[in-house]
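The chain contents come next:
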Amino acid sequence: MGTTGREADEIKVLLEAVYLRHGFDYRNYAMASLRRRVHKVLDESGIKQIIDLVPAIWNDDKVASDFLRVMSIPVTEMFRDPPFFIELREKVLPILETYPFIKIWHAGCATGEEVLSMAILLREAGLEKRVRIYATDYNDQVLKAAKEGIYSMDKIPLFESNYQDAQGKGKLSDYYHARYDQAKFDPELLSNVTFANHNLVTDGVFGEMNLILCRNVLIYFNKELQQRVFRLITDSLCPRGILGLGNGESLRFSPLARHYEHIDASLRLYRKKL
Amino acid sequence: MSRYKAVVIGASAGGFELLVNLLEALPASFPLPVLVVIHTASSGNTLSQALAKAASLSVVEGVDKQTIQQGRIVVAPGGYHMLVEDEGYISLCVGERVCHSRPSIDVLFESAADVYGDKLIGVILSGANRDGANGMKYLCDQGGLPVVQDPATAVSPVMPKAVLKQCDVEHIVKPEEIPELLVQLAQ
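**Some thoughts on the overall build of chain A**
The helix and strand tally for chain A stands at nine helices and 10 strands. Whereas a compact globule of 274 residues would reach a radius of gyration of roughly 19 Å, chain A reaches 20 Å, a difference of no more than 12%. When each of the 274 residues of chain A is scored for burial, the buried share is 42%. Counting only contacts in chain A whose residues sit at least 6 apart along the sequence, the fraction spanning at least 24 positions is 76%.

**What about the pairing of strand β7 (residues 209-213) of chain A?**
Residues and elements named next belong to chain A. Burial within β7 is extensive, with five of its five residues counted as buried. As defined by bridge partners, β7 adjoins strand β8 (residues 237-244) across four bridges and the pair is classed as parallel. Each residue of the ladder has a partner; that of I212, found in β8, is L243. A crossover links β7 with its parallel partner β8, the connecting element being helix α9 (residues 223-236), and its sense is right-handed.

**Observations regarding the nonpolar core**
One finds A:A119, A:I212, B:L19, B:V36, B:L108 and B:A112 to be the most contacted residues of the largest nonpolar core, which totals 140 residues. Per element, the largest residue contribution to this core is eight residues, and it comes from helix α3 (residues 105-116) of chain B. With sequence-adjacent residues up to four places away left out, B:L108 is seen in contact with B:V8, B:L35, B:V37, B:A76, B:M82, B:L83, B:P103 and B:G135.

**A short note on the pairing of strand β9 (residues 260-264) of chain A**
Side-chain direction in a regular strand flips from residue to residue, so the side chains alternate between the two faces of the sheet. All names here are of chain A. Relative to strand β10 (residues 269-272), β9 runs antiparallel, the two sharing four bridges. Note that in β10 the partner of D264 across the bridge is L269. Hairpin connection from β9 to β10: four residues lie between these consecutive antiparallel strands, with R268 at a positive phi of about 60 degrees.

**Remarks on the interface of chain B and chain A**
On the chain A side, the residues contacting the 21 residues of chain B number 20 residues. When residues in the side of chain B that touches chain A are grouped by element, the largest group, three residues, is from strand β6 (residues 90-93) of chain B. Counted by class, the side of chain B that touches chain A contains eight nonpolar, seven polar and six charged residues.

**Focus on the sheet that holds strand β6 (residues 193-197) of chain A**
All names here are of chain A. Here seven strands make up an open sheet; going across it, the order is β6-β2-β1-β7-β8-β10-β9 and the pairing mixed. Each end of this open sheet is capped by a strand with a single partner; those strands are β6 and β9. In this sheet, neighbouring strand axes are inclined to one another by 20 degrees on average, regardless of whether the strands run parallel or antiparallel. On the sheet, helix α6 (residues 113-124) packs against β1 (102-107), β2 (131-137), β6 and β7 and is oriented at approximately 170 degrees with respect to β2. Sheet strands touched by α9: β1, β7, β8 and β10. Its angle to β8, the strand with the most contacts, is close to 130 degrees.

**Some thoughts on the confidence of the model for chain B**
Of all residues in chain B, 97% have pLDDT values of 70 or greater, and the mean over the chain is 93. The ipTM, which scores confidence in the relative placement of chains, is 0.91 for this predicted complex, and the corresponding pTM is 0.93.

**Focus: unusual backbone geometry**
All names here are of chain B. The peptide bond linking R102 to P103 adopts the cis configuration, its omega dihedral lying at 10 degrees. With respect to the helices, strands and loops of the structure, P103 is situated in the loop between β6 and α3. Although it is not a glycine, H100 sits at a positive phi angle of roughly 60 degrees.

**A short note on helix α5 (residues 82-96) of chain A**
Residue and element names in this part refer to chain A. In this model, α5 (15 residues) spans 20 Å end to end at C-alpha, consistent with the 21 Å of a helix rising 1.5 Å per residue. Residue L88 marks the point of greatest curvature in α5, where the axis turns by about 35 degrees. Looking only at α5, the buried set comprises F84, F85, E87, L88, V92 and L96. Where the residues of α5 are buried, they touch β1, α6, β7, β8, β9 and β10.

**Details of the sheet that holds strand β5 (residues 182-185) of chain A**
Residues and elements named next belong to chain A. Spatially, β3-β5-β4 is the arrangement adopted by the three strands of the open sheet, whose pairing is antiparallel. Whereas interior strands pair on both sides, the edge strands pair on one side only; in this sheet they are β3 (150-152) and β4 (176-179). Across the sheet, the mean angle separating the axes of adjacent strands is 25 degrees when strand polarity is ignored. Here three bridges tie β3 to β5, and the two strands are oriented antiparallel to one another. For I150, the partnering residue across the bridge sits in β5 and is K184.

**Focus: the domain arrangement of chain A**
Residue and element names in this part refer to chain A. We note that the domain assignment places domain 1 (5-71) and domain 2 (82-151 + 186-272) within chain A. Using C-alpha coordinates to define each centre, domain 1 is positioned 29 Å away from domain 2. In this complex, domain 1 contributes six residues to the contact, which on the side of domain 2 involves eight residues. Residues of the side of domain 1 that touches domain 2, tallied by class, amount to three nonpolar, two polar and one charged.

Rules used in this analysis
Residues numbered from 1 in each chain as written. Chains lettered and ligands numbered in written order. Predicted model: local features only at pLDDT ≥ 70, side-chain atom pairs only at ≥ 80, totals over all residues. Helix = DSSP H or I, 4+ residues; strand = E, 2+ residues; numbered from the N terminus. Rg over C-alpha atoms; globule rule 2.2 N^0.38 Å. Buried ≥ 20, exposed ≤ 12 C-beta atoms within 10 Å, placed from the backbone. Contact = placed C-beta atoms within 7 Å. Pairing = 2+ DSSP bridges. Right-handed = clockwise from strand over helix to strand, strands pointing away. Core = buried A, V, L, I, M, F, W, Y, C linked by C-beta atoms within 7 Å. Nonpolar A, V, L, I, M, F, W, Y, C, P; charged D, E, K, R; others polar. Axes fitted to C-alpha atoms, helices over the stretch in contact; angles between N-to-C directions. pLDDT = per-residue confidence, 0-100. Expected span 1.5 Å × (residues − 1). Bend = angle between axes of the 7 residues up to and from the residue. Domains from an automatic or database assignment.

Here it is, written out as structure tokens:
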């Protein structure tokens, strides 16, 4: 069988090598999807056996960076799950508005589509000037892309339709300039955003946040690591702070659930109790 | 005790109604967990609600790290791949689409076959693309049991045909025969 026995051992050795040599810790990732990605690296590299990836990743920076890229493929979009953003606008922003200054953390921001979505939401609510957004990821490559705020025009129709479904107040094209096949978003939108490298697996607590969005990041972790990161997130929220997860994620199976009440359970918005 | 531990089902175009009928016909005492991927434009939640109405077993939309239980039907949520973990729970991911699909039948079948090996039953219903063919092949390679809707009875026969091309299948059946077959196999 696949993940038992020999293959499981080879993956274990590989992840240990990646950690020792490059400092990225995938040892507590959920095995089923991790295994798919390891096989993708194999297919792309032409290397036949997982164990043979070990010397390649140890000695060859190109293979190592390919591995990192496949492991952190960001699949994200602007205003992904429009009902979530409607709920943010209608239920969460009115709460945030009561604070003199608002701190928001996008934990695992990947290429930044959601950060921009949030910035647009805040501008439309007139809150832009009172907000500091922290956008973090462990992968410097994606952070670099996130800072630029440039996306392929191919993606814009989906982003635009999500924005409309999320009841955006204007047109998405109000916020970007199209040049050739790329859309460059208004740099002002990102002027309150601090991009930083932060690894949820190996780094610590991050400020006293009013809102943390960590959507479709925790699904890649196994149960044990997920608990550790839920703890980190909980400790990074101010009292009565708000947490937003992805549609397929839930606090329900975590012992930390008792620290939260629902803002909207089906939309995965939670509020930390006092 | 059945020699099987779980059932995975994949369906696409023309498969929704069949799936409703199938789940409706499974008795409340059905002893195996059932994991389902169906391609559809509607969200997983609407889908699982529609299926829950029909089924006498409990039907839920898959949530990351949810425990897999006997007699519970878990439907993959829209926009996510659904996978089986060794420890007996499901995990979700938003990796690349497979055969233009997320959720993908291949992804569910392959990860389930990794965990359940020859104790897995795979069912492929009507569908218009070839998602599921590689997954079923892999399931067969691990010793699992394939059940395929007779393409002659399918609204879209592409998917069952793609499976039959790659796998040696004993149970090529009419959709209305599937519930009883599953009940027998699960005994």
